[in-house]
Amino acid sequence: MLIDCRRQGAPTFCEARCASRVGMLARRTWEYHCVVDSEPIARSIASRRLDWIIFRFSTMNKGNDTGSMGTSVEPSDRKRTVEEGNDLEKNNSSAMNDQTDRGSAAPKPKRIKSKHQEPSVRAIRSVIQQCCARNDLRKAIEAYEKTIADKTRLEPQSFYNLLSLCDGLSDRGIHVGTPKLSTDNDQKDLISTQHVDEESRLRYAKRIKEHMDQLKLPLTETAWSALVKLHSRNHQFDLAEQHLTEAESTQQCRPKLRMYSALLVAYCEIGRMQDALIVWLRLSKINLAVSEREYLALIQCATKYGFARVMERVLQDLSEDVLVPSKETSRALEEWFQSAYATNATVANDSVAIDSILQQIQAPSADQLPATFKFKIQSATGWVVSSGCPVEMTSGELLEGCLKNCNLKPVTISEQCWLEMKEMNETIVSSGKIDGDMSGVQGGRKGPKRQVTDREQRKKYWSLFHSFLERQCSVGKFDVIIDGANVGYYQQNYQSAPRHVDYRQIDWLVKHFQKENKKVLLVIHSRHFAPNLMPRQYIPLERSWRDDGILYCTPPCMNDDWFWLHAALYCGPGTLVVTNDEMRDHHFQMLAPRSFLRWKDRHQVHFSFGQWRQDHSREVNLIYPDVYSRRIQCIKDGLVIPWPKRGDERRFLDGTHVACEDDPTEETYVCIRPRSK
């Protein structure tokens, strides 16, 4: 291009670029049209652009009509050049729009500068953020008071942070008994919440809330949760209920469990079981499920005040929602069976009102609830509780305790549950969510949910997949379905790791099952076979998978997890899925249906790779589902509760469980059985 640009008396592109930003525009025009159009067209357009650059370059000196290179520009030529420059801008814009319509990537939009903030506003924001990091409420309030005195504007986020500080930031746990593993680098110099008494916290929160009302600032879910927790902790239940009602009617507030949890737990602490159940009912009506934290509070309240009917219902729900309860929950269950209320001779503290509320709270259907929970929690003869009972892993037989020689059972899934899960998965594929799902994220740390833009295209791809399944399963269902991406990315998160999956690892698993004469379906996204991503040496592997008829490439803009999950549900019982994915995104998008947890427990196969072989492959290690289900269940006339052990980190849905050093390495159970007469 420099050859064309070096006209007599004209600056080079480098000179023009230094003199004016217009030179950069000319260079970009050349690069763009070299790609979009042919080189001669690019030269022609760049030549016209150059005339405009010469004019701009030559008129940089004020008051002179002579350019810096000595070229004289007449007024008429100047006008013509400017008009050509404007026309060129229009032509370039039109060409870019045409190219965008043709489907190629549009040029990046210009970055819009953020709105200018006054230094004082940025300063108070920074101070409050630092106070949040250190949980320093006193310093934050001092900064707030100074800001009000100086009549400095506060951002809405600063108000929200102040309310969160009033509640206290020291306890951020989600599940009881599942703490996050902390390191020395993670330890922060948190200031104790005892430095600010509860009365002062309430006073600060009230003032901040009134200030926000004056400014007509709406409260977010975080702010409402802080107020509800603060008033609940101080047993100001009327104010907590009032804030909860206001939050539910606020458009900007999307309710979460934490907004209700503190109130439910506070009611349980003082024995107001009926009010706690009303909070549970409110959660049920907006399709929010309680967690182990709330179950524990209800169990402790029922044990202390003798709510046998509530205890029976909580145990029933807990067995379906929490596979392996924490040690605190297990001990609370033991305490119930060791209490006086666990015998028929003791009058339980139940009422008609409590029974009515429990009936309104959504419960597992008859198809979902296993036969294991036709269980009564009261016995006239009392109960025998045996802790630390080992189990024979290959058979599920309990080796010690009051249920010795009894076998643990695998949970089953009814045909109705299979059908419901398939329908849920298809609904997620077509619309991106299911009715009542208010979450904005996919779950499993996969980011926010993607908006569905082309439903018809999705339906077309999904219809093709259904046809594929019908053809393949007409001659026999699949025995094994492999999550190709999960296998290919196994242990590929090290520094300088390649962008592509490890195709060899996938092939090792495929060959392993083929040697066992298993019918295999390999599901993997089409992007993993893109020419710019897949190395050439792995093309024969892809060709062999296609020739064997085991490969299904999922289409662009669709989650490959939907396909292998649906294939497994379509094939029915007996078809296993090989993946280390804990499927938390499926669990949350389906609103944690109990049947999905049971399916996962019985049909997921975990994998790893062992030693290298002489043929440059590695040993395949597989962990199949046990012959029994490790979860709360009934055996004969007794109850079995699994005890946490080392290695349970990935069994908890929040993924943060860390076993203690005193936890056993082998499976043990708490066995409970009515005492013999």
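Q: It is not clear to me how the overall build of the protein chain should be interpreted in this structure. Could you clarify?
A: Within the protein chain one finds 25 helices and 11 strands. Taking the contacts inside the protein chain whose residues are at least 6 apart along the sequence as the reference set, 73% of them involve residues at least 24 apart.

Q: Got a minute to help me understand the pairing of strand β4 (residues 520-525) in this structure?
A: A regular strand places its side chains so that they alternate between the two faces of the sheet. Across the six residues that make up β4, a large majority, six, are buried. Here β4 shows a buried face lined by V520, L522 and I524 and a second buried face lined by L521, V523 and H525. Examined bridge by bridge, strand β3 (residues 480-483) and β4 share four bridges and lie parallel to one another. Bridging across to β4, D483 finds its partner in V523. One ladder, built from four bridges, connects β4 with strand β5 (residues 551-554); its direction is parallel. Following the sheet pairing, I524 is matched in β5 by C553. With respect to chirality, the unit in which β4 leads through helix α22 (residues 539-548) into the neighbouring parallel β5 is right-handed.

Q: Just checking my understanding: could you explain α22 for this structure?
A: The α-helix advances 3.6 residues per turn, and as a result positions three or four apart in sequence lie on the same side. If you check which residues of α22 are buried, you get L541, E542 and W545. When α22 is viewed along its axis, its buried side chains cluster within an angular range of 100° and face the same direction. Elements that come into contact with the buried residues of α22 comprise α21 (503-515), β4 and β5. With its phi angle positive at about 70°, G549 sits one or two positions after the end of α22.

Q: Would you explain the packing of helix α18 (residues 415-431) against helix α19 (residues 455-473) in this entry?
A: In a packed pair of helices, the relevant descriptors are the angle between the two axes and the axis-to-axis distance. Two numbers describe how α18 lies on α19: the axes approach to 9 Å, and their chain directions differ by 140°. In this structure, α18 uses N425, E426, I428, V429, S430 and S431 to contact α19, whose residues at the interface are R455, R458, W462 and H466. The residue makeup of the contact of α18 with α19, split by class, is three nonpolar, four polar and three charged.

Q: Explain the packing of helix α15 (residues 308-321) against helix α25 (residues 594-603) to me, please; I cannot follow it from the model alone.
A: Packing of α15 against α25 leaves a shortest axis separation of 8 Å and a crossing angle of 45°. Relative to α25, the element α15 is oriented oblique. Residues D317, E320 and D321 of α15 lie in contact with α25, whose contacting residues are R594, L597 and R598.

Q: What is the right way to look at helix α13 (residues 273-285) in this model?
A: Between the first and last C-alpha of α13 there are 18 Å, a value that for 13 residues agrees with the 18 Å anticipated at 1.5 Å per step. Buried within α13 are the following residues: M273, A276, L277, V279, W280, L281, R282, L283 and S284. The elements touched by buried residues of α13 are α11 (237-248), α12 (257-269), α14 (292-305), α15 and α17 (352-360). Phi turns positive one or two residues past the end of α13, at N287, with a value near 60°.

Q: For this particular structure, what's the right way to read the sheet that holds strand β9 (residues 633-635)?
A: Note on sheets: strands pair through backbone hydrogen bonds, and any given pair is parallel or antiparallel. An order of β2-β1-β11-β10-β9 is seen for the five strands of this open sheet, with the pairing classed as antiparallel. In the strand order of this sheet, the two ends are held by β2 (397-398) and β9, each with one partner. With five bridges connecting them, strand β10 (residues 638-643) and strand β11 (residues 668-674) associate as antiparallel partners. Across the sheet, residue P642 finds its bridge partner in β11, namely Y669. Contacting β1 (383-392), β10 and β11, helix α16 (residues 327-337) runs over the sheet at an angle of about 155° to β10.

Q: I tried to follow the side chain of E292 on my own but got confused; where do I start?
A: Among the secondary structure elements, E292 is positioned in helix α14. For the buried E292, no salt bridge exists, and the shortest N-O distance to an oppositely charged side chain is 10 Å, to R293. A polar contact of 2.7 Å, which involves the side chain of E292, links it to the side chain of T329.

Q: Is there a simple way to think about the environment of P674 in this case?
A: By the secondary structure assignment, P674 is in strand β11. Note: C-alpha distance between P674 and V385 (289 residues apart in sequence) is 8.9 Å. With near-sequence residues (within four places) excluded, P674 lies in contact with S379, T381, G382, W383 and D637.

Q: Please explain the environment of A140 as it appears in this structure.
A: Take A140: it is sitting in helix α7 (residues 137-149). Relative accessible area serves as the criterion here: at 0%, A140 is assigned to the buried category. On a C-alpha basis, the gap between A140 and I128 in space is 5.5 Å, while along the polypeptide they are 12 residues apart. Beyond its immediate sequence surroundings of up to four residues, A140 is in contact with C131, L162 and L165.

Q: Even after reading the chapter, I still don't get the sheet that holds strand β6 (residues 576-578), so can you show me in this structure?
A: Read across the sheet, six strands follow the order β5-β4-β3-β6-β7-β8 without closing on themselves; strand pairing throughout is mixed. The outermost strands of the open sheet, each flanked by one partner alone, are β5 and β8 (618-623). Within the sheet, the average angular offset between the axes of one strand and its neighbour, ignoring direction, is 30°.

Q: Would you explain unusual backbone geometry in this entry?
A: A negative phi angle characterises most non-glycine residues, just as the trans form characterises most peptide bonds. For N405, which is not a glycine, the phi torsion comes out positive at approximately 75°. Looking at the secondary structure, you find N405 in the loop between β2 and α18. The backbone of H616 sits at a positive phi, close to 65°, despite the residue not being glycine. Position of H616 among the secondary structure elements: in the loop between β7 (604-612) and β8. Owing to a relative accessible area of 63%, H616 belongs among the exposed residues under this scheme.

Q: Looking at this structure, I do not really get the packing of aromatic side chains. What am I missing?
A: For any pair of aromatic rings, the description rests on two quantities: the centre-to-centre distance and the angle between the ring planes. If you walk through the whole model with that rule in mind, you get 19 aromatic pairs. One aromatic cluster is present, formed by W462, F465, F468, Y552 and F563 through successive ring pairs. Over the face of the ring belonging to Y204 we find R203, whose NZ or CZ atom lies 5.3 Å from the ring centre. Between the NZ or CZ atom of K519 and the centre of the ring of F478, over which it lies, the distance is 5.0 Å.

Q: Please clarify how the pattern of salt bridges should be interpreted in this entry.
A: A side chain of one charge can pair with a side chain of the opposite charge when the charged atoms of the two come close. Scanning the model with the defined rule gives 21 salt bridges in all. For D507, the salt bridge identified is with K511, shortest N-O distance 3.0 Å. Of this pair, D507 and K511 both sit in helix α21, four residues apart, which is roughly one turn of the helix. Residue classification places D507 among the buried residues on the basis of a relative accessible area of 8%. In this structure, the salt-bridge partner of K600 is E582, at a minimum N-O distance of 3.1 Å.

Q: Would you explain the confidence of the model for the protein chain in this entry?
A: In the predicted model, the protein chain carries a mean pLDDT of 78, and 70% of its residues have values of at least 70. Here residues 1-20 is modelled with pLDDT under 50, and outside its nearest four sequence neighbours on either side it reaches 36 contacts, counting other chains as well. With pLDDT under 50 throughout, residues 29-42 is counted as low confidence; its partners more than four residues away or in other chains account for 19 contacts.

Calculation notes
- Residues numbered from 1 in each chain as written.
- Predicted model: local features only at pLDDT ≥ 70, side-chain atom pairs only at ≥ 80, totals over all residues.
- Heavy atoms only, no water.
- Helix = DSSP H or I, 4+ residues; strand = E, 2+ residues; numbered from the N terminus.
- Contact = heavy atoms within 4.5 Å.
- Buried < 20%, exposed > 50% of the residue type's maximum accessible area, 1.4 Å probe, protein only.
- Pairing = 2+ DSSP bridges.
- Right-handed = clockwise from strand over helix to strand, strands pointing away.
- Arc of directions from axis to C-beta.
- Axes fitted to C-alpha atoms, helices over the stretch in contact; angles between N-to-C directions.
- Nonpolar A, V, L, I, M, F, W, Y, C, P; charged D, E, K, R; others polar.
- Parallel < 35°, antiparallel > 145°, perpendicular 65-115°, else oblique.
- Expected span 1.5 Å × (residues − 1).
- Lys, Arg positive; Asp, Glu negative; His and termini not counted.
- Salt bridge = Lys/Arg side-chain N within 4 Å of Asp/Glu carboxyl O.
- Polar contact = N/O pair within 3.5 Å; in protein donor to acceptor, adjacent residues only side chain to side chain.
- Phe/Tyr/Trp six-rings, centres within 6.5 Å; stacked < 30°, edge-to-face > 60°.
- Lys NZ or Arg CZ within 6 Å of the ring centre and 35° of its normal.
- pLDDT = per-residue confidence, 0-100.

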